[in-house]
Amino acid sequence: MALSVGIVGLPNVGKSTLFNALSETEAEAANYAFCTIDPNVGVVPVPDPRFDKLVNLFAPKKVVPATVEFVDIAGLVRGSSKGEGKGNAFLSNIRDADAVLHVVRCFEDENIVHVHNRVDPLADIETIETELILKDLETVQRRLDKAERAAKGQDPFEKKAVVFCKRLEALLNEGKPAAAVETSDEDEERILGDMFLLTDKPSFFVANVKDDQLANLDQDPLVAQVRKLGEERGVPVVVISAEIESEIMRLPEEERAEFIESLGLDEPGLHKVIRTGYATLDLITYFTVREPEVHAWTINRGTKAPQAAGKIHSDFERGFIRAEVMKCEDLFELGSEQTVKATGKLGVEGKDYVVQDGDILRFRFNV
């Protein structure tokens, strides 16, 4: 199952426009609330120059890039945590996502209505986050009730759950996200993880602007507000014009580079969104380059070689012997696998090797 990033925000901030550009599909985008009833799902390749270089070098018959799943979730409004609008269904969609991309409107446009009739990025963020916190508070209170009942039977784990849930309840009541809670042991981590809280998910902001703002983003007051908040929280902020990105994706492939350059950009803003989503999920990529395929494999940072091999096939993990490791930079510099070997830069690693981003691996196994 693909790791997913849920796209959230108020209605009419550009969520579906961004999704359309990301997935090169046509999710319904309209100037009214709740036009997206069921979440749209798109599996998006992760832009990676290393992958492109490997494809050029090996000219394989088949290529498989790394991907991230993006889910376009309809706009939340004040009261969504209590079912206002389509709140209950939408919040459930967010719960299923692994990370949250929060689209924030940072543009003025009298032709695009704002659900609160004003453009105020920080107030919009507060509205969304308040609804997520309120929904989490409801979840925690249900878990607390269950723990208190079970604790009467002297269950030690549930007694610990009572203490932890009360601490978490107090935090949420202060308007703080569940991610701010400190866990003291594996039991508390398990209690927290089992609740799948919305505000415990990794997240980042996408500040959506109009095309005429792109040339002067460093002086833009609306963008500055979101960047400042992101810096204070240690949360990434990507600034794009979803409308322009959608236009880029509608162009023939051969015309895109010239159009992007005419805007003063070095790459589509979507590439930054996708890479940020990938990084927010704490994912890295390793490659296999055997004939006839160049394949990018997605793993969690910190994965050891046998578990990385298991991504290809369970037999690779079960019968793991060793991993032969090349670094992308060595291959690109030296030009061929044979030269990498000849210069002593092909590594041989065992079961404790932690796979690094950009490794090119070949696994030896015996089942």
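Residues numbered from 1 in each chain as written. Predicted model: local features only at pLDDT ≥ 70, side-chain atom pairs only at ≥ 80, totals over all residues. Heavy atoms only, no water.

Engineer: Whenever I open this one, the confidence of the model for the protein chain confuses me. Can you help?
Structural biologist: Within the protein chain, residue pLDDT values average 87, and 90% of them lie at 70 or more. Below pLDDT 50 for its whole length, residues 25–37 participates in 33 contacts with residues either more than four positions away or in separate chains. (pLDDT = per-residue confidence, 0-100. Contact = heavy atoms within 4.5 Å.)

Engineer: So what exactly am I meant to see when it comes to unusual backbone geometry here?
Structural biologist: For residues besides glycine, phi is generally negative; the peptide bonds are generally trans as well. One non-glycine residue, N12, lies in the positive phi region at around 65°. Tracing the sequence through the fold places N12 in the loop between β1 (4–8) and α1 (15–23). If you check the backbone angles, D282 has positive phi at about 60° while not being a glycine. Tracing the backbone through its elements, the reader meets D282 in the loop between α10 (269–280) and β8 (283–288). (Helix = DSSP H or I, 4+ residues; strand = E, 2+ residues; numbered from the N terminus.)

Engineer: What is the right way to look at the pairing of strand β4 (residues 67–72) in this model?
Structural biologist: Residues in a regular strand project their side chains so that they alternate between the two faces of the sheet. Counting buried positions along β4 yields 5 of 6 residues, so the element is predominantly enclosed. Where β1 meets β4, 4 bridges bridge the pair, whose relative direction is parallel. Note on β4: the bridge partner recorded for G6 is V71. As paired strands, strand β2 (residues 40–45) and β4 are joined by 6 bridges and run antiparallel to one another. Looking at the pairing, G42 lines up with F70 of β4. (Buried < 20%, exposed > 50% of the residue type's maximum accessible area, 1.4 Å probe, protein only. Pairing = 2+ DSSP bridges.)

Engineer: Is there a simple way to explain the packing of α1 against helix α8 (residues 242–250) in this structure?
Structural biologist: The packing of two helices is summarised by the inter-axis angle and the distance between the axes. As a packed pair, α1 and α8 sit with axes 8 Å apart at the nearest point and diverge in direction by 30°. Between α1 and α8, the interaxial angle falls into the category roughly parallel. For the crossing formed where α1 meets α8, the hand is left-handed. Touching T17, L18 and A21 of α1 are A242, E243, E245, S246 and M249, all from α8. Looking at the contact of α1 with α8 residue by residue, the class counts come to 4 nonpolar, 2 polar and 2 charged. (Axes fitted to C-alpha atoms, helices over the stretch in contact; angles between N-to-C directions. Parallel < 35°, antiparallel > 145°, perpendicular 65-115°, else oblique. Left-handed = near helix turned anticlockwise from the far one by under 90°. Nonpolar A, V, L, I, M, F, W, Y, C, P; charged D, E, K, R; others polar.)

Engineer: Is there a simple way to explain the packing of α8 against helix α9 (residues 253–262) in this structure?
Structural biologist: Their axes nearest at 8 Å, the elements α8 and α9 cross at an angle of 150°. With respect to α9, the element α8 is oriented roughly antiparallel. Counting all contacts with α8, which are made through I244, E247, I248 and M249, the residues of α9 involved are R256, F259 and I260. Looking at the contact of α8 with α9 residue by residue, the class counts come to 5 nonpolar, no polar and 2 charged.

Engineer: I would appreciate a short explanation of the sheet that holds strand β6 (residues 203–208) in the present structure.
Structural biologist: Neighbouring strands of a sheet are bound in pairs by backbone hydrogen bonds; such pairs are parallel or else antiparallel. Ordered in space as β2-β4-β1-β5-β6-β7, the 6 strands form an open sheet in which the pairing is mixed. Among the strands making up the open sheet, the edge pair consists of β2 and β7 (237–240). Along the sheet, successive strands turn relative to each other by an average axial angle of 25°, direction set aside. Both β6 and β7 contribute to a ladder of 4 bridges, which runs parallel. The partner of F205 across the bridge, within β7, is V237. Docked against the sheet, α1 engages β1, β2, β4, β5 (99–105), β6 and β7, running at close to 45° with respect to β2. The strands touched by helix α4 (residues 121–151) within the sheet are β1, β5 and β6, with β5 carrying the most contacts at an inclination of about 145°.

Engineer: I keep staring at the packing of aromatic side chains and nothing clicks. Help me out?
Structural biologist: For any pair of aromatic rings, the description consists of the separation of the ring centres together with the inter-plane angle of the planes. Scanning the model with the defined rule gives 5 aromatic pairs in all. Ring centres of Y286 and W297 lie 6.4 Å apart, and the angle between their planes is 20°; this geometry places the pair in the stacked category. Taken as a pair, Y286 in strand β8 and W297 in strand β9 (residues 293–300) lie far apart in primary sequence, 11 residues in all. Of the residues examined, Y286 reaches a relative accessible area of 0% and is grouped as buried. Judged by its relative accessible area of 14%, W297 falls in the buried class. Plain terms: the ring middles of Y286 and F363 are 5.9 Å apart, the flat faces sit at 90° to each other, and that makes the pair edge-to-face. Of this pair, Y286 sits in strand β8 while F363 sits in strand β12 (residues 359–365), placing them 77 residues apart in sequence. (Phe/Tyr/Trp six-rings, centres within 6.5 Å; stacked < 30°, edge-to-face > 60°.)

Engineer: Would you take a moment to explain the nonpolar core for this structure?
Structural biologist: When a protein is soluble and globular, its nonpolar side chains tend to lie buried together. Counting residues in hydrophobic clusters, the biggest one holds 65 residues, and the most contacted among them are L18, L22, F70, L101 and V273. Filtering out sequence-adjacent residues up to four positions away, F70 remains in contact with V5, I7, F19, L22, N40, V41, G42, V44, L101, V273 and I274. F157, A161, L171 and L172 belong to the second-largest nonpolar core, a separate cluster that totals 20 residues. (Core = buried A, V, L, I, M, F, W, Y, C linked by side-chain atoms within 4.5 Å.)

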